[in-house]
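# Coordinate analysis (summary)
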Amino acid sequence: MGSRKRGHQETSRHSSSKSARGSDGSGYRARISPELLSHSLSVLEKRLHAHSPVMLLLQEELLPALDGAELRRPDAGLLIRGLVVAGDEARGEEEALSLLRPLLTSDFLTGTLLRFLVGLGQGDREAVGEVAALLLRLTLAFPQAVEPLVHLPADLLQTRLHRLGLELPWPTRKHLHDLRRAVDQAFPQGRDWARELTFSEERPKDITVVPVFPTSEELLGSPDPWLKPNVVDGAYHGNQADHGNQTDLGNRAHQSNQAYHSNQAYHSNRAYLDTHFRLLREDMVKPLRENLAACLTPAGRPHQLNGGAKVYRDVRVLYPDCQRDGVVYKVSFDAGVFGRGPRLPAKHLAKGSMVCLWAPRCPEVFPALVAKQDEEQLAAGRLLLRFEAAAHPSLSRHLYTHSFFMVESPSCPEAHRHVLRGLQEADPGCLPFQRYVVMCNGRVRPPRYLQTRGTGLDMRPLLGTGAGNETRDGLEEGAGWVPGTVRDSPETTGLAEEFISITDREEEEGGSGQERAQPGWHPGPVGRPSARTKYVVNIFKQDLRSLPWLKHFDKSQLKAIQKALSREFALIQGSPGTGKTFVGLKLVELLLHNGELWQEGEGCGQGSPILVVCNTNNTLDLFLEGLLETDCSKIVRIGGFCQNKRLHNFTLENIRSARLKGMLTPVQRRRFKEIKEKIEKVKADILYCSKILELLPLGILDEKELAPEMQADMSTLGLSSIPLRESVSGIILEWLEIPQHLWAGTDAESVGADQEQAGAEHSRYFPYVAVAAAFPLPQQMAASFTLLDGDDEDGCEPGEMPDSAQQWAREKFAYVLGENAGDKAESTIQRCLSEHSVMSVEEVQKVGRIWDLPMDHRWRLYRKWRAAYQEKLNEAMNEKLEQYESLTQLMSALDLEETLMLLGEAAVVGMTTPATARYRTLLQRVRPRVVILEEAAEILEAQVMTMLSPDCQHLIMISDQPQLGPKVADLELAAETRLNVSLFERMVRNRIPFVQLRQQHRKGPAVSQRKFYPTPEDHRSMSH
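Please read all numbers here as calculations on a predicted model, not as lab measurements. (Residues numbered from 1 in each chain as written. Predicted model: local features only at pLDDT ≥ 70, side-chain atom pairs only at ≥ 80, totals over all residues. Heavy atoms only, no water.)

### Regarding the confidence of the model for the protein chain
Reading predicted coordinates in detail is not appropriate for stretches of low pLDDT. Let me state the cut-off plainly: Values of pLDDT, the confidence the predictor places in each residue, fall between 0 and 100. Any pair of residues with heavy atoms lying within 4.5 Å of one another is described as a contacting pair.
Looking at the protein chain, the pLDDT average stands at 76 and 72% of residues meet or exceed 70. A low-confidence stretch, residues 465-508 stays under pLDDT 50, and its non-local contacts, those more than four residues away or across chains, total 92 contacts. Every residue in residues 601-605 scores below 50 in pLDDT, and together they form eight contacts with partners more than four places removed in sequence or on other chains.

So, in structure tokens, the structure goes:
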């Protein structure tokens, strides 16, 4: 706190304290005798131990006696604990204020509390949390008292903690963080301590090293200080992208018309990627961070969780569960939060939603994703969570020893996670279409595969019925043409005889008007075409609107088709009913029909399908069904839930089942078999080990199982009094004085029998027998490793552990709770097993005969051995989990190669937007050169950029930009940073040329008269 200038505060402290007390403070200065004060404190201690209310005792007896009272340090700690507990009892803000107000009118903060803080030591972690909570409540309730009073104990607390170097629970760190921010706000001349504590870098970290999942430090409450708003108008000039010149986001909100929202856009690809990475990550993290803060808001103050999220209690991590795409963890929780309704609310704990686990005594918090939503499992209080793979060691240290709270986020950031990784892996030097996306250059080039400009396109797919008939002359008005669609004019006479230049004649809607014929672009030969070539048109010279055999299109549709074919970065905008999907289908049909153009050339290769992306499953099904009507059968639908029966045979899963077996080579089959066998073995080991972990808090380990831990203490304890070999089984039960009638469930001969071979330490946790034979994987699990993870495929059900694992693990315990349900002795055993106190090394060295130890000390010694056993068990588990994660990555690589084989003959690949995020690695290998994006204005810009590969040569975006926008998790963040501005909208705002479909064919005139569609028209058929 050395940088904060407080000047006069120290000299005027006492006068400020008097003013803070108020005129009515004299009532709280009444003295009581030391005997009465001691009696009141004794009553307080008993009530706290019995979890009885303490509010009235404090208000009526203790708080009036604070001023001038000389409290011993233990009594001061007891009073602080009582104040925190009473604050939790407060039933409203006014009651909380009446409890805390006497602290301001006494010398408690400037006397008793300061003396208590001076004596803080290594064993006072709990006291630190209570002091932090009390001071935070005071700052929130009486902000005017921070400068004269609260800052003194707050500064001293921070100084003591800096010297002690204590590892504090996360809730305590959160309270300290919020306390320091509140104190800093009272001294605006001081430094921003919270920012310096959490983000001390002079320059930001490169996004490639920023973890996708939020860290415990980030969730304390400070957003990323390097967050920058999305630039939606123009390009950066000068050095505006330099992170070193950034201020915090709150200050930048007042500069929205200056550097960050001036008529400029991105200066470099790296700054572009950095901006969208940090914005998207903050959209994922902020709702969770705010809900965590709401959970820890002091009682009596208003707090509301975002999005109607819930807090779940008594959350316990049971064991890891192996899925085909990695390791998830099965957890239990109190399902009473859902009430007694017949159905659970679908919005809670949905697949892909983010949650966070925290415990009052745990130093970390653990963000996770819901791996699957199963209604029956949720109703039973069971859930599968996916943590970061790198978190396994930290998880094993904390997850199994705490009962957690779990708070959910209103967002489902599953797609965000994949997109963020895509932005991290993107090469700034090879960003697709950076000419337009980053620099906002309005001069759009033709696709690379058409840059010869002399190449013509066969337009027969645009004909009406009988499009494939080469003898059709195209002059019949009635063939698929609605009279009056296109008005005849002198320009529309003839077929392809008269070429009309369109490159220097007209300015597009929103375009720059700078598009001109460039040097080296020479028209092809002109002349009356033959029967074979009369439908071949040079789209750079011939206006499609001049062709009478295309009169069944309206003019704006023909213009959209022509511009989409001739521009590598094409935008088509249209209101409902104007034929956006129809135009998209015709574009796909045309491109497939002329596939030899974009499938040839250096760097193009063969077998690149057209990628069609829609934002919803329904839209994708309708689009692909439309392609089936054009006799296009080489379609593969990936991801999502396909409800269209006509498309079932075209889903990747069904194609894989029908064709993959015959396509694999012997080498591939052998490799797959080898990896699957390794996965089965490691998975079995994890399951066995997990079952032991599950039983540890519920049972008493057999003495043979604890032999290494006992032998480690042999030299200091003289443990020969507990025979370790050839002993009478159950001697540990006798030592812990477990009643004899509870031993009935113990098989004395079988306990530990499998350990007779006394092998390596590894054998304590994993079976000796060949795992593949002793514990084969269920058939559905073995088969699942050949499937890609779809929205409706989630691997094995989170069912019970295999009987073989349960039986094998049970044999390691001399006794397990539940085998004598209802017996009173079981409740005593359960209490002893659940306590956390263990015998220290110093206490162990003072032990004489362990048979002479009091019973509570025996349990503390047993828990010491159990903790040592669990630590070694966790190490073995972590090793196996790392092996399993590595093997599943190998299996995923094989799955990827298999999928590439299946897609080798595909002409069109259809995906939903979430699927493009999940299968991003696959798309980077498929490298589609033509991408058509439906509903483009509903997709976040970062999602669009990560679905494109550097090989993409042609992007066509179709959307209804004025009506819908991308969905974001945090509307406040989106409004401040413009995150909800899609790439489609941003390009239109920056005058990148686009075409607007003007005639609506599906609805009545009421649609076209909506004000947010400029100059709409009704097709003539709407008047009939």
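From this point, the discussion proceeds with the structure in view.
### Some points on the sheet that holds strand β4 (residues 366-372)
Definition in use: Between any two strands, at least two bridges found by DSSP are needed for them to pair. Going along the chain from the N terminus, every DSSP run of H or I of four or more residues is numbered as a helix, and every run of E of two or more is numbered as a strand. Between N-to-C directions, angles span 0 to 180 degrees; the directions come from axes that are lines fitted to C-alpha atoms, helices contributing only their stretch in contact.
If you trace the six strands once around the closed barrel, you get β1-β2-β5-β4-β3-β6, paired in antiparallel fashion. Within the sheet, the average angular offset between the axes of one strand and its neighbour, ignoring direction, is 50°. Relative to strand β6 (residues 404-408), strand β3 (residues 354-358) runs antiparallel, the two sharing four bridges. Within β6, the position partnered with Leu-357 by the bridge is Met-406. Most of the contacts of helix α12 (residues 269-295) go to β3, to which it runs at about 40°, and overall it touches β1 (311-323), β3, β4 and β6. In the packing of helix α31 (residues 855-902) onto the sheet, the strands contacted are β1 and β2 (326-332), and the crossing angle to β2 comes to about 130°.

### A few points about helix α4 (residues 73-89)
Test applied: Helix span is expected to be 1.5 Å times the residue number reduced by one.
Over its 17 residues, α4 extends 25 Å from the first C-alpha to the last, a length consistent with the 24 Å expected when each residue adds 1.5 Å. Check the buried side of α4 and you find it contacts α2 (34-49), α3 (55-62), α5 (93-104), α6 (108-118) and α7 (125-141).

### Some thoughts on unusual backbone geometry
The backbone of Glu-935 sits at a positive phi, close to 55°, despite the residue not being glycine. Even without glycine at this site, Arg-978 takes up a positive phi of about 65°. Among the secondary structure elements, Arg-978 is positioned in the loop between α35 (971-977) and α36 (983-989).

### Considering the pairing of β6
Selection criterion: Relative accessibility decides the category of a residue: with a 1.4 Å probe and only protein chains considered, values under 20% of the type maximum give buried, values over 50% give exposed, and everything between is partly exposed.
In terms of burial, β6 is a largely internal element, five of the five residues being buried. The side-chain alternation of β6 yields two buried faces, one formed by Phe-404, Met-406 and Glu-408 and the other by Phe-405 and Val-407.

### With respect to the sheet that holds strand β16 (residues 954-959)
Backbone-to-backbone hydrogen bonds pair the strands of a sheet. The strands run either parallel or antiparallel. Spatial ordering of the open sheet is given by β11-β14-β10-β15-β16-β9-β17, a layout of seven strands whose pairing is parallel. The open sheet is flanked by β11 (635-638) and β17 (995-997), the only strands paired with a single partner. Neighbour-to-neighbour, the strand axes of the sheet open up by a mean angle of 20°, direction not taken into account. In this structure, β11 lies alongside strand β14 (residues 908-912), joined through four bridges in parallel fashion. Bridge pairing in β14 links Val-636 to Val-909. Here helix α17 (residues 555-566) sits on the sheet in contact with β9 (569-574), β16 and β17, set at roughly 150° to β17.

### Comments concerning the pattern of salt bridges
As a reminder of what qualifies: Throughout this description, the term salt bridge denotes a Lys or Arg side-chain nitrogen within 4 Å of a carboxyl oxygen of Asp or Glu.
In the structure shown here, the tally under the stated rule is 43 salt bridges. For Lys-286, the salt bridge goes to Asp-970, with nearest N and O atoms at 3.2 Å. In this pair, Lys-286 is assigned in helix α12 and Asp-970 in the loop between β16 and α35, connecting sequence segments 684 residues apart. Between Arg-927 and Asp-951 there is a salt bridge whose closest N-O contact spans 3.9 Å. Of this pair, Arg-927 sits in the loop between α33 (920-926) and β15 (930-933) while Asp-951 sits in the loop between α34 (941-947) and β16, placing them 24 residues apart in sequence. Look at the salt bridges and you will find they share partners, linking Asp-224, Lys-228, Asp-274 and Arg-278 into a network.

### Concerning the side chain of Lys-880
Going by this rule: The definition of a polar contact used here is a pair of N or O atoms within 3.5 Å, where within protein one atom must be able to donate a hydrogen and the other to accept one, and adjacent residues in sequence count solely through side-chain atom pairs.
Within the secondary structure layout, Lys-880 lies in helix α31. By relative accessible area, Lys-880 is classed as buried at 7%. Here Asp-685 takes part through its side chain, which lies 3.1 Å from a polar atom of the side chain of Lys-880.

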